[in-house]
Amino acid sequence: MSDPHHRHRRRHFHWGRLLLLTVFLAAAVFAGYHCLFRAPEQKQPDQEPLPKEEVPALSPEEQAAAEALRSHMERKPDFYTILLSGVDDHNGGSDTNILVAVDAANNAIYGVSIPRDTKAIINGKAHKINYAYNSGGIRLLADTVSEQLGIPVDYTVQVDLRGFEALVNAIGGVTFNVPVNMDYDDPYQGLHIHLSKGTQKLNGADALKVVRFRHNNDGTGYGSEDIGRMQTQQAFLKAVAKQVLTMSNLSKVDDFVKIFQSYVETDLTVGNLAWLGKEAISMGADAIEFSTLPNEWVSPYIYLDREATLALVNEHLNPYVEDRVSEDLNIPS
């Protein structure tokens, strides 16, 4: 069912996704030139060990079950999950959320967007998943995402979305082929987009307009509003990543550090970011992919497709050696 209010919210979601991935990549890359490299630690399931005198003797069946559980939780080497959340409403809310999997062993970075209206059970009640951030901050949101997808969230990164404009300006703008003429006005948002089709250098403000554009005032444009816009965002992300991942930008390291310090909060150490940056440089921009969790909109929630979500988790997000199974996920119907 189409919902104009839902479409209005999604407009913010998609350009925020691009911003988060770009700012994270830039921060990680340029942190590497200022500190020692240190690989992040992988998170393990929360299990409090018993004192030796309290460890009960296990039957053969219990021993087999414990070994099966241990095997099911064995982690892949150099594989990390990082939840990126963008804050731009200044009311304590997270407008955009992406779970990023960094598979350094296989030279891949994959980001999956989590729609803010996704149905979730939080504190025993049904809510939109963004309520977790509003209620308990990034930690509760990370725990909620982890529970739904059946995988750990190792680290979190919070980004003030104004950092995107600062980043594009810091690298001197981005040369990009604008795919269609863009002529759109939304006085309610104070949004005015007037850009011509063709290759041009975009500053930060114009870059935001390009990735937010859906259709012209007369209804023309991509012809497939959100699909066309997502394709443009992916192409723009590649253009930004390729420009960031060049030696010519090393002279701007101080600018990137300042942007990172001003707009980013994270539990990753600077050394962790340096290590991730080194890995990102070695992979190159072509190693980056992203998508959205498979879903269906049925007002007032977005419902995740369990089977399609499980397949995506196992293909791109699963940090464990063994595939996850349906019982590992906790997706409400």
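Residues numbered from 1 in each chain as written. Predicted model: local features only at pLDDT ≥ 70, side-chain atom pairs only at ≥ 80, totals over all residues. Heavy atoms only, no water.

### Let's talk about the nonpolar core
- Counting residues in hydrophobic clusters, the biggest one holds 27 residues, and the most contacted among them are L83, L99, L141, V145, L149 and L317.
- Within the residue set of this core, elements represented by two or more residues are β1 (79–87), β2 (96–103), β3 (108–113), β4 (119–122), α3 (130–149) and α9 (306–317).
- When sequence neighbours within four positions are dropped, the list of residues in contact with V145 reads L99, I114, I129 and V153. (Core = buried A, V, L, I, M, F, W, Y, C linked by side-chain atoms within 4.5 Å. Buried < 20%, exposed > 50% of the residue type's maximum accessible area, 1.4 Å probe, protein only. Helix = DSSP H or I, 4+ residues; strand = E, 2+ residues; numbered from the N terminus. Contact = heavy atoms within 4.5 Å.)

### A few points about the pattern of salt bridges
- Applying the stated criterion across every chain yields a total of three salt bridges.
- Across the salt bridge formed by K128 and D117, the nearest N and O atoms sit 3.7 Å from each other. Of the two residues, K128 is situated in strand β5 (residues 125–128) and D117 in the loop between β3 and β4; the sequence distance between them amounts to eleven residues.
- Its relative accessible area of 29% is what places K128 among the partly exposed residues.
- D143 is paired through a salt bridge with R139; the nearest N and O atoms lie 3.5 Å apart. Pair noted here: D143 and R139 are both in helix α3, with a separation of four residues, about one helical turn.
- Take R139: its relative accessible area is 36%, and that puts it in the partly exposed class. (Salt bridge = Lys/Arg side-chain N within 4 Å of Asp/Glu carboxyl O.)

### Let's talk about the packing of aromatic side chains
- Throughout the structure, instances matching the rule amount to four aromatic pairs.
- On the basis of an interplanar angle of 70° and a centroid distance of 5.6 Å, the ring pair of F213 and Y222 is categorised as edge-to-face.
- Summarising the aromatic geometry, the rings of Y301 and Y303 are spaced 6.1 Å apart at their centres and angled 85° between planes, so their arrangement reads as edge-to-face.
- Taking the ring centre of Y155 as reference, the NZ or CZ of K43 above it sits at 4.7 Å. (Phe/Tyr/Trp six-rings, centres within 6.5 Å; stacked < 30°, edge-to-face > 60°. Lys NZ or Arg CZ within 6 Å of the ring centre and 35° of its normal.)

### Some words on the packing of helix α4 (residues 163–170) against helix α5 (residues 204–212)
- Running from N to C, α4 and α5 cross one another at 125°; their axes reach a closest spacing of 8 Å. With respect to each other, α4 and α5 are oriented oblique. α5 is crossed by α4, and the crossing has right-handed handedness. Residue-level inspection shows F164, E165, V168 and N169 of α4 in contact with α5, the latter providing G204, A205, A207 and L208.
- The residue inventory of the contact of α4 with α5, partitioned by class, reads five nonpolar, two polar and one charged. (Axes fitted to C-alpha atoms, helices over the stretch in contact; angles between N-to-C directions. Parallel < 35°, antiparallel > 145°, perpendicular 65-115°, else oblique. Left-handed = near helix turned anticlockwise from the far one by under 90°. Nonpolar A, V, L, I, M, F, W, Y, C, P; charged D, E, K, R; others polar.)

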